[in-house]
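# Fold and geometry: a report
The primary structure of each chain is shown beneath.
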Amino acid sequence: MQVRAFPDADAASEATARWVSAWIAENPSGRLGLPTGRTPDALYRHLIQARQEQGLRLHDLQVFGLDEYVGLGPDHPASFGHTLRRSILEPGGIARARLWNGTAPDPEKECRDFDQDLREAGGLDLLVLGIGTNGHVAFNEPECDPAARAHVVELAPSTRDANAAAFGGRWEQVPTQAMTLGIAALMEAHCVVLMALGASKHAALQRALHQPPDAACPASWLQNHPQVTVWADAQALGTAT
Ligand code: GLP
């Protein structure tokens, strides 16, 4: 994996946004897999700014959400679909988006339907990922099956705790299950951008970069992907002085 190192989160996000903007300019109808969480917030702000100030065309993109909590509808403020609509889809004028139905009566069927929709669309051209403190990508938790496609996952207590901010800081309010694109589906993306910002990601990023691929650190499977670039700040890389 190629690593692009930056002194701080702002510099990393700005550089990532420049690269993604250039990619979008070359692929205005591209299919993007986009994450939620704090990591991509600044990236999305920069992309919206590029649309407003430089006329970057976002509206022809097709966006796929990577994951969603089981039990949260599209209007729940903590749902990932709501977050993507608010942070990039609506301000970007992006009408074509496949988000997950968190209140689907049969989450496993929703996973199968999502997988089929993604395949029929032609798969992801560009996948943007964050990384969890325990090395998860999307919601593929440690010990997940690397051969899995879209599936329902039990969220690790550390993940529920890490995501509690969107639930008033109360981890017990965070759903226990989620639907996620599996490692096998993520690995089919043509090109991957992995963002890692902040000291809390250092341990996970070190394992993902330098330990042999292992189910204990799902991000490490990305070592087997031919086109992954890591965009990280010094804190995540452990090089901050
Ligand atoms: C969440 C999301 C992931 C995200 C990760 C890190 O669990 N499912 O897509 O990358 O946590 O979130 P953050 O960027 O807020 O650290």
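Located above this text is the structure these notes cover.
Residues numbered from 1 in each chain as written. Predicted model: local features only at pLDDT ≥ 70, side-chain atom pairs only at ≥ 80, totals over all residues. Heavy atoms only, no water.

### A word on the environment of His 225
- As for its placement among the helices and strands, His 225 is situated in the loop between helix H7 (202-210) and strand E10 (228-233).
- Judged by its relative accessible area of 7%, His 225 is buried.
- Each C-alpha atom of the pair His 225 and His 190 lies 9.0 Å from the other, and the pair is 35 residues apart in sequence.
- In terms of polar contacts, His 225 uses its side chain to reach the backbone carbonyl oxygen of Ala 189, at 2.6 Å. (Helix = DSSP H or I, 4+ residues; strand = E, 2+ residues; numbered from the N terminus. Buried < 20%, exposed > 50% of the residue type's maximum accessible area, 1.4 Å probe, protein only. Polar contact = N/O pair within 3.5 Å; in protein donor to acceptor, adjacent residues only side chain to side chain.)

### Topic: the layout of surface pockets
- In this model, the largest pocket occupies a volume close to 650 Å³.
- In terms of lining, the largest pocket is formed by 31 residues, of which the most central are Thr 36, Gly 37, Arg 38, Phe 80 and Asn 163.
- For the lining of the largest pocket, the elements supplying multiple residues, two or more each, are strand E4 (67-69) and helix H3 (80-89).
- Broken down by class, the residue content of the lining of the largest pocket amounts to 16 nonpolar, ten polar and five charged.
- Around the second largest pocket, the lining residues are Glu 14, Ala 17, Arg 18, Ser 21, His 46, Gln 49, Ala 50 and Gln 54. (1 Å grid on protein atoms, 1.4 Å probe; cavity = no way out; pocket = protein on both sides within 12 Å on 5 of 7 lines; lining within 4 Å. Points joined across faces, edges and corners; volume = space filled by probe spheres on them. Nonpolar A, V, L, I, M, F, W, Y, C, P; charged D, E, K, R; others polar.)

### Re the environment of Leu 127
- With respect to the helices and strands, the residue Leu 127 is situated in strand E6 (residues 126-129).
- The spacing of Leu 127 and Leu 34 is 93 residues in sequence and 6.5 Å in space, taken between C-alpha atoms.

### As for empty space enclosed by the protein
- One pass over the structure, following the stated rule, counts one cavity of 30 Å³ or more.
- Computed from the structure, the largest cavity encloses a volume of approximately 40 Å³.
- Considering the residues around the largest cavity, the lining is formed by Ile 24, Leu 32, Leu 34, Leu 47, Leu 58, Leu 61, Ile 88 and Ile 94.
- Its residues placed into classes, the lining of the largest cavity shows eight nonpolar, no polar and no charged.

### Some points on unusual backbone geometry
- The phi dihedral of Ala 138 falls on the positive side, at around 55°, and the residue is not glycine.
- Considering the arrangement of structural elements, one finds Ala 138 in the loop between E6 and strand E7 (151-154).
- Relative accessible area serves as the criterion here: at 11%, Ala 138 is assigned to the buried category.
- Residues other than glycine seldom take positive phi values, yet Glu 143 does so here, at roughly 75°.
- With respect to the helices and strands, Glu 143 occurs in the loop between E6 and E7.

### Considerations on the site of the ligand
- Arg 38, Thr 39, Asp 67, His 136 and Lys 201 are the nearest of the 13 residues found near the ligand.
- Within the side chain of Lys 201, a nitrogen or oxygen atom sits 2.6 Å from an oxygen atom of the ligand.
- Burial of the ligand by the protein chains amounts to 95% of its free accessible area of 390 Å².
- Most atoms of the ligand, that is more than half of them, are within 2 Å of grid points of the largest pocket.
- In terms of residue class, the shell around the ligand is built from four nonpolar, six polar and three charged. (Near = heavy atom within 4 Å. Areas by Shrake-Rupley, 256 points an atom, 1.4 Å probe, with all protein chains shown as cover. Sits in = over half its atoms within 2 Å of the grid points.)

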